[in-house]
Amino acid sequence: VKAAREHNIPKDLHKVLENKVLETASGLYHVKVSVVETTCSGDADSEGIVSKSVSSHSDLIPGVYEGGLKIWECTFDLMDYFSEAEIQFTNKRVLDLGCGAGLLGIAALRGKAERVHFQDYNSTVIEEITLPNVVANCTSQGSSAEDRKASKPPAKRPKKAEGSPDVLNKCRFFSGEWSEVSQLLLSSNKPFSKYDIILTSETIYNPDYYSALHDTLAQLLDQSGRVYLASKVHYFGVGGGIYLFEKFIEERNVFRSSIIKTIDEGLHRCIMEMAFKDSS
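Values in this document were obtained by computation on a predicted structure and should not be read as measured data.

## A closer look at the sheet that holds strand β5 (residues 115-120)
Read across the open sheet, the 8 strands follow the order β1-β6-β5-β4-β7-β8-β10-β9; overall the sheet is mixed. Both edges of this open sheet fall to β1 (5-7) and β9 (255-263), since each of them pairs with a single strand only. Going from strand to strand, the sheet's axes swing by 20 degrees on average, the running direction of each strand aside. Across 5 bridges, the pairing between β5 and strand β6 (residues 171-175) is parallel. What sits directly across from F118, in β6, is F173. With respect to the sheet, helix α4 (residues 73-84) is in contact with β7 (195-201), β8 (221-232), β9 and β10 (269-276), its orientation differing from that of β8 by roughly 130 degrees. Taken strand by strand, helix α6 (residues 123-138) contacts β1, β5 and β6, and its axis lies near 160 degrees from that of β6.

## Considerations on the packing of helix α10 (residues 210-220) against helix α11 (residues 242-252)
One can describe the packing of α10 onto α11 by two numbers: an axis separation of 11 Å at closest approach and a directional angle of 60 degrees. One way to sum up the angle between α10 and α11 is to call them oblique. Between α10 and α11 the crossing geometry is right-handed. In contact with Y210, S211, L213, H214 and D215 of α10, α11 contributes L244, F245, F248 and R252. Along the lines of polarity and charge, the residues of the contact of α10 with α11 split into 5 nonpolar, 2 polar and 2 charged.

## Things to note about unusual backbone geometry
Phi at N91 is positive, roughly 60 degrees, even though this residue is not glycine. By secondary structure assignment, the location of N91 is in the loop between α4 and β4 (93-97). When its relative accessible area of 56% is taken as the criterion, N91 is described as exposed.

## Remarks on α4
In an α-helix, one turn spans 3.6 residues; hence positions three or four apart end up facing the same way. For α4, which comprises 12 residues, the first-to-last C-alpha distance of 17 Å matches the rise-based estimate of 16 Å (1.5 Å per residue) to within 8%. If you check which residues of α4 are buried, you get C74, T75, D77, L78, M79, Y81 and F82. At its buried positions, α4 is contacted by β3 (28-31), α5 (103-110), β7, β8, β9 and β10.

## A closer look at α6
Between its first and last C-alpha, α6 extends 21 Å over 16 residues, near the 22 Å set by a 1.5 Å rise per residue. The largest bend in α6 amounts to roughly 30 degrees and is located at T130, with the proline P132 lying one to four residues further along. A large share of α6 lies buried, amounting to 15 of its 16 residues.

## Some remarks on the environment of R269
Note on placement: R269 falls in strand β10. A sequence separation of 38 residues divides R269 from S231, and the C-alpha atoms of the two residues are 5.7 Å apart. Of the polar contacts made by the side chain of R269, one reaches the side chain of D77; its length is 2.5 Å.

## With respect to the pairing of β4
Of all the 5 residues making up β4, 5 are buried; the element is thus mostly covered by neighbouring parts of the structure. Here β4 shows two buried faces, one formed by R93, L95 and L97 and the other by V94 and D96. A crossover connection joins β4 to the parallel β5 through α5; in handedness this β-α-β unit is right-handed. Pairing geometry for β4 and β7, over 4 bridges, is parallel. Each bridged residue has a counterpart across the sheet, and for D96 the counterpart in β7 is L199.

What counts, and at which threshold
- Residues numbered from 1 in each chain as written.
- Predicted model: local features only at pLDDT ≥ 70, side-chain atom pairs only at ≥ 80, totals over all residues.
- Heavy atoms only, no water.
- Pairing = 2+ DSSP bridges.
- Helix = DSSP H or I, 4+ residues; strand = E, 2+ residues; numbered from the N terminus.
- Axes fitted to C-alpha atoms, helices over the stretch in contact; angles between N-to-C directions.
- Contact = heavy atoms within 4.5 Å.
- Parallel < 35°, antiparallel > 145°, perpendicular 65-115°, else oblique.
- Left-handed = near helix turned anticlockwise from the far one by under 90°.
- Nonpolar A, V, L, I, M, F, W, Y, C, P; charged D, E, K, R; others polar.
- Buried < 20%, exposed > 50% of the residue type's maximum accessible area, 1.4 Å probe, protein only.
- Expected span 1.5 Å × (residues − 1).
- Bend = angle between axes of the 7 residues up to and from the residue.
- Polar contact = N/O pair within 3.5 Å; in protein donor to acceptor, adjacent residues only side chain to side chain.
- Right-handed = clockwise from strand over helix to strand, strands pointing away.

Following this line, the structure appears as structure tokens:
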């Protein structure tokens, strides 16, 4: 069992972006992973997941590394859907579950969410990828407001981070297994309100995790909340997929679900919306 842990935001934001090279995708900064792989080679990261992932040429080592160093394509499907469907994040409490790079949560922050929490299985991912990405996108450096209005991608290399604590004060960062993270949140003496929106992408590849994922969603979603889940139709080699998870949801009889978008190019992919059966 991978224990849950909350990661504090360092007071010195310059350190967060130190030695990081940033690229852009969908108008957002993200850390260049190949540089992280170089700087974290050997045992430079506390979990050793970077060297294990590189040496095994694997994006997935079950129970050790769950893919968070890579930005998976369904993340972009879900971000496109936010625009198309005009999903409103204003004043919402949002969880980016299995966040990896954290782009979904960053999109929610850009959409004026009241607060956004980020969770990934691996602490290295939170510290080396997620947190730097949030700092790079949500502090007053890099692109100007005019650039953003013109939808220009931000400059290749942002200027050093000028603290924008207002946005970062909305954020909390967690690593560990889903069940452990929900326990940490629900038993914490910090005030906690359930989430209006839970965003999750490419988290249903392994059917062994369905029970933990389902229970976490049921425990942390507000009664009138919504889950937006992006997935491939089928994950070859691991066995999971959207229809298998849909069947699992039906059997549990807690949520109603509907597939709200299908993407046909390349590997077939879907976006699913979930809500409690007894919600309006």
